[in-house]
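These are the residues of each chain, in order.
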Amino acid sequence: MTVQSEMKSLAAETSARRGLARAWNALQMPVIATVAGLFVTSVLLVSIDVNPLDVYAALLRGALGSLFGISSTLRWATPLILAGLAVSIGFKAGLFNAGLSGQIYFGGFVGSLIGFSVTLPWGLHPVAAILGGGLAGAAWAFIPAIMRRYLGASEIVTSLMLWYVAIGIADFLVRQFFRDPTSAAFLMSVKVAPSAVLPSIFPVGNVSAMIFVSIAAALLFAHLMARSATGYEIRMTGANPAFAHYSGVPTGRRMVLAFCLSGFIAGVIGAAESIGINQRFVSQFDPGFGFDGFLVALLANGSLAGCIPAGLFLGILKAGGAEIERTLGLSKSIIWILQGSIILFVSAHRLRDYLAWFAGRLRGR
């Protein structure tokens, strides 16, 4: 029994070490890219006679230094986690969903439409609006997916062009049929019914239960992608479509499924923004979640569960930007510079190899 227990303990220790090694391999490049981005931004700040430590202290103070700051961080992290998840699912199938913002926009319109035109009980109404927005996003993503499968059209171009079509259709319908008569300067629909509003779960700010939905969705899709047969087929389709095809995997259907799942999640983002944050459809409501989703996916380094810390990190940057502007008098554009620097370095796949070579040279001396 002693030998068996020792073997079990050794096996558990080995498994834990392998898990830590895998986690470090997944986090290594995003950590390096973030540090490099902070360094580049610091050099820029020093060049204009600004102390980088003051900037980063203000950033953390604005994002985590108060209950309102924490709520603001979670408010931004909610759609960012989902946006990163939507992009990552497309990546798993070898697809680039460049039209994520269009699917968010269309989902936001349909979600708000269900919110103000359908009568449902309080507990059911927000769920119906969010699911309706998700289905609208999936339907909008289905168009470029089916064009890719049967016509060989690039999903990058078609999904991106459909973004502008989604804006045109939604804005036209709101302007013609659903516009709030009291709105003057801004194009917006009538308010959703009180039963459809996503209430805040925080005493301050606007943090809805969607924060838990986003985390649960990332964990669920990570499990399904790793453990289910369909997830395996999607990953095989993205890794080697020719091999997957000759192995009997219906690669065309798996690509369409992955792209529609990506669009569904994007539509959920739009619907949640419409019935939660704005409580109506507001023209141009998307502040760029579609493009931020690519940064989240890159920081997650291919891990669907990794979209959770990556989305929280970006949420901290967005929430803390206002504090930088308020206390230091600097433009929030410094956050865009930091984000751009991180994208630059996280996209440089050979950076880790160069750093390892340089570290080896230092040890050799």
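Residues numbered from 1 in each chain as written. Predicted model: local features only at pLDDT ≥ 70, side-chain atom pairs only at ≥ 80, totals over all residues. Heavy atoms only, no water.

**Considering the packing of helix H2 (residues 52-64) against helix H3 (residues 67-92)**
Helix-helix packing is described using two parameters, namely the angle between the two axes and the distance between the axes. As a packed pair, H2 and H3 sit with axes 5 Å apart at the nearest point and diverge in direction by 85 degrees. On the basis of their axis angle, the class for H2 and H3 is roughly perpendicular. Residues Gly62, Ala63 and Leu64 of H2 form the contact with H3, whose participating residues are Gly69, Ile70 and Thr73. Per-class residue counts for the contact of H2 with H3 are three nonpolar, three polar and no charged. (Axes fitted to C-alpha atoms, helices over the stretch in contact; angles between N-to-C directions. Helix = DSSP H or I, 4+ residues; strand = E, 2+ residues; numbered from the N terminus. Parallel < 35°, antiparallel > 145°, perpendicular 65-115°, else oblique. Contact = heavy atoms within 4.5 Å. Nonpolar A, V, L, I, M, F, W, Y, C, P; charged D, E, K, R; others polar.)

**Re unusual backbone geometry**
With the exception of glycine, most residues fall at negative phi, and the peptide bonds are largely trans. Unusually for a residue other than glycine, Gln284 sits at a positive phi of about 60 degrees. Phi at Asn301 takes a positive value of approximately 60 degrees, unusual for a residue other than glycine. Structurally, the position occupied by Asn301 is in the loop between helix H11 (289-300) and helix H12 (307-328).

**Remarks on the packing of helix H5 (residues 125-151) against helix H6 (residues 155-178)**
Viewed as axis vectors pointing N to C, H5 and H6 meet at an angle of 150 degrees, and their least axial separation amounts to 9 Å. Relative to H6, the element H5 is oriented roughly antiparallel. Considering how the two elements wind past one another, H5 and H6 form a crossing that is right-handed. Two secondary-structure elements touch here, H5 through Trp140, Ile143, Pro144, Met147 and Arg148 and H6 through Glu155, Thr158, Ser159, Leu162, Val165, Ala166 and Ile169. (Left-handed = near helix turned anticlockwise from the far one by under 90°.)

**Concerning the pattern of salt bridges**
Opposite charge on two side chains permits them to pair, given that their charged atoms come into close proximity. Using the criterion set out here, one finds seven salt bridges in the structure. Here Glu323 makes a salt bridge to Arg61, at a shortest N to O gap of 3.4 Å. Here Arg61 lies in helix H2 and Glu323 lies in helix H12, a separation of 262 residues in the sequence. Measuring nitrogen to oxygen at the nearest pair gives 2.7 Å for the salt bridge that ties Glu155 to Arg148. Assessed through its relative accessible area of 6%, Glu155 is described here as buried. One continuous salt-bridge network, built from bridges that share partners, spans Arg61, Glu323 and Arg326. (Salt bridge = Lys/Arg side-chain N within 4 Å of Asp/Glu carboxyl O. Buried < 20%, exposed > 50% of the residue type's maximum accessible area, 1.4 Å probe, protein only.)

**Section: the packing of aromatic side chains**
With the rule as written, the count across this model stands at 14 aromatic pairs. Taking 5.9 Å as the distance between ring centres and 40 degrees as the angle between the ring planes, the aromatic pair formed by Phe91 and Phe96 counts as tilted. Phe91 gets classed as partly exposed once you look at its relative accessible area, which sits at 34%. You can call Phe96 partly exposed: its relative accessible area is 33%. Look at Tyr105 and Phe281: their rings are 5.4 Å apart centre to centre, the planes differ by 85 degrees, and that puts the pair in the edge-to-face class. With a gap of 176 residues between them, Tyr105 in helix H4 (residues 100-117) and Phe281 in the loop between helix H10 (251-278) and H11 connect regions that are remote in the sequence. Residue Phe281 is classed as buried on the basis of its relative accessible area of 0%. Taken together through their ring pairs, the aromatic side chains of Tyr105, Phe109, Phe116, Phe177, Phe178, Phe281 and Phe285 make up a single cluster. Note that Arg75 overlies the ring of Trp76, its terminal NZ or CZ placed 4.3 Å from the centroid. The positively charged end of Lys318 is found above the aromatic ring belonging to Trp76, 5.7 Å away from the centroid. (Phe/Tyr/Trp six-rings, centres within 6.5 Å; stacked < 30°, edge-to-face > 60°. Lys NZ or Arg CZ within 6 Å of the ring centre and 35° of its normal.)

**So, the nonpolar core**
Judged by nonpolar contacts, the single largest core of 78 residues is most densely connected at Ile89 and Ile324. By residue number, the principal contributor to this core is H10, which donates eleven residues. Beyond its immediate chain neighbours, meaning those up to four positions away, Ile324 contacts Val55, Ala58, Leu59, Gly329, Leu330, Ile334 and Ile335. (Core = buried A, V, L, I, M, F, W, Y, C linked by side-chain atoms within 4.5 Å.)

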